[in-house]
Every structure is written in structure tokens, then in C-alpha cells.
Amino acid sequence: MQKIISLCKRRGFVFPGSEIYGGLANTWDFGPLGVELVNNVKQLWWKRFVKDREDIVGISSAILMNPKVWAASGHLKGFADPLVECKKCHIRLRADHLKESYNNQCPGCSGKDFTEERQFNLMFKTFIGPVDDEASTVYLRPETAQGMFVNFANVQNTTRLKLPFGIAQIGKAFRNEITPGNFIFRVLEFEQMEIEYFIEEKDWEKTFDYWQAEMKSWLVDALGVNPGNFVIREHEKSELSHYSKKTIDFEYKYPFGQEELYGLAYRTDFDLKAHKLSLEGMVPHVIEPTFGVERTILALLCDAHNEEKDRVVLKLKPALAPYKVAVFPLLANKPELVEKARKVFEMLKNDFTAVWDDRGNIGKRYYSQDEIATPFCITCDFDTLQDDTVTLRDRDSMKQERIKISELKNILSERLL
Ligand code: GAP
């Protein structure tokens, strides 16, 4: 985990939040490479689950919602974790974490005396307007889901979609977690990619199975995650959220243990009933596949991180890599090579996310690109000036081949699929 965190910082994937002021615990910022990776994941998800399908449409709803939403959805009452405090060192912990991870012993002082469990609501509160009283209280949404439920009628009326159909959304969610941590695994502010899939009650089991297979295929086929690195686990009755009748988690084997990556829940008609929404006299039921962006990034980094003999290589699928191709002149102090390489770079940069590098020697540049997952490197050398060919080097096999500049675009397009 330390190696991944340090690579993220060193290469600009993830920085500690507010770092120059000493940071703010459990907040993180995505850097130049991190934001490209995040955007690639979100675009891939949106294409696969919204654009390529006729039965799912997207929305983007407001983070601040009328507090009545959270009363009706049950979050004001039920979205809470059991909190205990160590009587000696006053560390606060989730009661279930204390039992499962720490064997009822305080991780701070090894004490065994704790306060009674009390329910701690995870929603962040804020205020609208100049007066911070009860009447002006609003909440930062703890899930994107409710924005889709409250827009159910608006979406159905404007699209005229018939059951089964879905609404999808990508957006921020906020949770005042009692024990956040493990890098970007459990944070206070994160992004969710969620689908609310509306069905007739009789279809819930087959739809659940369908989405379970879809989520697995997203992980394995779209993201390239090794199927041996995650497992599917069904929730015990006692673990189920207040709205769910059946939930499974996709759990990833992170370096710190096997923990939740994604969830799939049968939310019954709980939400639409709570908001008093129906369609042609009946209340649709809901299957909800939910995907956390930060946990996707963490799983991808863990999965793709390889240490080989003398290099570190991130073997991300080309579609996810922040840069698709790096272009180098063999020597930075030979203007004719730099000029030729610049021409190749200019030719490629509109079609592929390309990066220029002329620092250090070629070997170092290759390794530097391997570490940030760039699938291909192109070097212009003295032969290039004679015959218009370049060296194309493959990240995973490290093989190098001579390619005509005129064929570069076609070859890259084929191999970057
Ligand atoms: N609408 C359903 C829902 O919100 P959830 O299991 O509470 O379900 C969905 O959250 C996903 O959001 C999780 O599977 C995880 O990927 C992500 N997630 C939840 N809490 C998180 C946190 N504190 N930090 C990072 N990601 C989180």
C-alpha cells in the first residue's frame, strides 16, 4: 500500500488534501494523471451503461436537496453507524470495527473500557442563508440515488420509457465516516456511479442476477481487473441497509484486506413508495448497482501495479491509461531530432492523449512512462531523418519495432482498442 501511495504522490495521481496547511485527514486531491484516470473510468462507465443502451438515461441532480427527501428516504433516522468512545484515550470508533478489526481492544491505548454504543448519523449538515438554525438546515447528499428517485416522474414523463428502465448518475456523495482511512478507500467525500433500475416486482430475482453479471463484466472485461482478485459476498440479514431486501458486495482483495468495492441491492419499492411516486397506478421496484469511483481507482492501481526485475509498471488497460503514447527525440540537444519528434507529437496529439518527454536518457524515459501506464513510446532517432521511420516500444512486452510515421496512427488506433 505504501508503494502505491508513494507512486500516486510522486507521479501526480493523488495528493493529500490541503497539504501545504498540514493536510485535512482523509481528504485527497486527484493530480494531473489521477484526474485523467478518473475521467477515463467515468466516461467508459457512462458509455457502457447509458450511451450504448436504450433502456437507461442519465441525469445530474443537485447535491443539496430539500431535507424532506432525507426524512422520507429514511436517512435522517436510519443512516447511522454505531459509535463508541474509549474512556481512556477518547478515540472514537465504529462498534462493529472495534469488534471485527481490533478484538474489542482500543487501537490507541489498548484499553478495554468503552462508552455505550450510540447511533451517529453520517450525513454532513450545513445551512442555507445567514442563520444557522434548525429551519435552514440542509444535508450534503450521502448517496446520489435519491436525486434519481425524486426525478422519477420527471424522467419518465419526458422520455416515455416503459418498465424495465433505468436512471443513471455520476456525482459526489459525502459521509461523515467515524473511522475513515486506508488512503482513498474510505473518505469523507467521494464519487458514486449509480443506476436505479426500475422493474415489476415479479422480475426482481432475474434482474438482480442480470446486474450481478453486468457488474462482473464491467470489472473484468471493461476495466481488466483480474477475476481472482475480487469475490462476491451476500449480506447477512443484520448487515442490510434499511431499504434493502437483498444485497451483495463485490469485495476486492486490497493490500490491507478484502473489503467492499461495489454493491448491488434490491431496494424493493421502498424509495418510490416513500416519495409517493408511481407509474400507471403501480409502484415500480428497484435494483441498484452502485460503483464508487475512488474504490475503482484504488482497485485498478492495486491490480495494475507490477514490480518487475528493474522496473515498476502499471499494466492498466490502454483505454484507462492517462496518456496513450509518449513521444521522444533520441537526444534533446540535437535540434533536427527535436524538430522531427515535435512533428510526430503534433500529428498524434489530436487523436491520442500524447505526452512529450526529452529529459534524461531513453531507458529512463521508458521506465518513467511504464510507471504511469503509458502503453506506447515513440522515439525519433537519426534513422528517422533518413527514412521516416520511428521506434515503437510496447509497455508490457518491452518489444521495440520500426514503424513508418505514415502508419503510426492506424497502428496505434488498432492497438489501443
Ligand atoms: N446508493 C447506495 C449506496 O450508497 P453504499 O454501499 O453505501 O450504497 C455505494 O455506497 C458505493 O460507494 C460503495 O460500494 C463504495 O464503492 C462507495 N463508498 C461508500 N462509502 C464510501 C466512502 N466513505 N469512501 C469511498 N467510497 C465510498
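Not measured: the values here are computed from a predicted model.

Whenever I open this one, the overall build of the protein chain confuses me. Can you help?
Scanning the protein chain for helices and strands turns up 14 helices and 21 strands. Its C-alpha atoms put the protein chain at 75 × 60 × 50 Å along the principal axes. A separation of at least 24 residues holds for 64% of the contacts in the protein chain among residues at least 6 apart in sequence. With an accessible surface of roughly 20400 Å², the protein chain has 49% of that area assigned to carbon and sulfur atoms. When the 57 positive and 62 negative side-chain charges of the protein chain are each reduced to one mean point, those points stand 2 Å apart.

Help me out: how do you make sense of the pattern of salt bridges in this one?
When their charged atoms lie close together, side chains carrying opposite charge are able to pair. What the rule picks out here adds up to 35 salt bridges. With a shortest N-O distance of 3.0 Å, K172 and E189 are connected by a salt bridge. Residue K172 is located in strand 9 (residues 165-174), and its partner E189 is located in strand 10 (residues 189-199); the two are separated by 17 residues in the primary sequence. When its relative accessible area of 29% is taken as the criterion, K172 is described as partly exposed.

Looking at this structure, I do not really get the sheet that holds strand 9. What am I missing?
Strand pairing in a sheet takes place through backbone hydrogen bonds and is either antiparallel or parallel in direction. Across the sheet, which stays open at both edges, the seven strands sit in the order 3-9-10-14-13-12-11 with mixed pairing between neighbours. Two strands close off the open sheet at either side, each with one partner strand: strand 3 (56-58) and strand 11 (230-234). Recorded for the sheet is a direction-independent mean angle of 25 degrees between the axes of neighbouring strands. Where strand 12 (residues 246-254) meets strand 13 (residues 257-268), nine bridges bridge the pair, whose relative direction is antiparallel. If you follow F250 over to strand 13, its bridge partner there is Y262.

Quick question: what am I supposed to make of the sheet that holds strand 20 (residues 389-394) here?
Strand order in the open sheet made by the five strands is 18-17-19-20-21, with mixed pairing throughout. Bordering the open sheet on either side are strand 18 (354-356) and strand 21 (400-404), each of which pairs with just one other strand. Averaged over all pairs of adjacent strands, the angle between strand axes in this sheet comes to 30 degrees, irrespective of strand direction. Direction of pairing for strand 20 relative to strand 21: antiparallel, over a ladder of five bridges. Counterpart to T389 in the pairing with strand 21 is K404. Each of strand 17 (325-329), strand 18, strand 19 (376-380), strand 20 and strand 21 is contacted by helix 12 (residues 362-371), which is oriented at about 165 degrees to strand 17, the strand it contacts most.

Just checking my understanding: could you explain the side chain of R395 for this structure?
Inspection of the secondary structure puts R395 in the loop between strand 20 and strand 21. There is a polar contact of 3.3 Å between the side chain of R395 and the backbone oxygen of L314. Here the side chain of R395 touches A373 through a polar contact of 2.7 Å, landing on its backbone oxygen. Excluding residues that lie within four positions of it along the chain, R395 makes contacts with R311, V313, L314, K315, L316, D370, A373, T374 and P375.

I tried to follow the pairing of strand 20 on my own but got confused; where do I start?
Where a strand is regular, its side chains alternate between the two sheet faces. A large share of strand 20 lies buried, amounting to five of its six residues. Here strand 20 hands over to strand 21 after five residues, with M398 in that stretch at a positive phi of 65 degrees.

It is not clear to me how the state of the cysteines should be interpreted in this structure. Could you clarify?
What makes a disulfide is a covalent bond joining the sulfur atoms belonging to two cysteines. With the rule as written, the count across this model stands at zero disulfides. You can see C86 has no disulfide; the closest cysteine sulfur is in C109, sitting 3.6 Å from it. Judged by its relative accessible area of 1%, C86 is buried. In this model C377 remains outside any disulfide bridge; the closest cysteine sulfur is found in C380, 12 Å from its own.

Reading guide: rules and limits
- Residues numbered from 1 in each chain as written.
- Predicted model: local features only at pLDDT ≥ 70, side-chain atom pairs only at ≥ 80, totals over all residues.
- Heavy atoms only, no water.
- Helix = DSSP H or I, 4+ residues; strand = E, 2+ residues; numbered from the N terminus.
- Contact = heavy atoms within 4.5 Å.
- Areas by Shrake-Rupley, 256 points an atom, 1.4 Å probe, with all protein chains shown as cover.
- Lys, Arg positive; Asp, Glu negative; His and termini not counted.
- Charge placed at Lys NZ, Arg CZ, Asp CG, Glu CD.
- Salt bridge = Lys/Arg side-chain N within 4 Å of Asp/Glu carboxyl O.
- Buried < 20%, exposed > 50% of the residue type's maximum accessible area, 1.4 Å probe, protein only.
- Pairing = 2+ DSSP bridges.
- Axes fitted to C-alpha atoms, helices over the stretch in contact; angles between N-to-C directions.
- Polar contact = N/O pair within 3.5 Å; in protein donor to acceptor, adjacent residues only side chain to side chain.
- Disulfide = S-S within 2.5 Å.

That is the geometry; function is a separate question.
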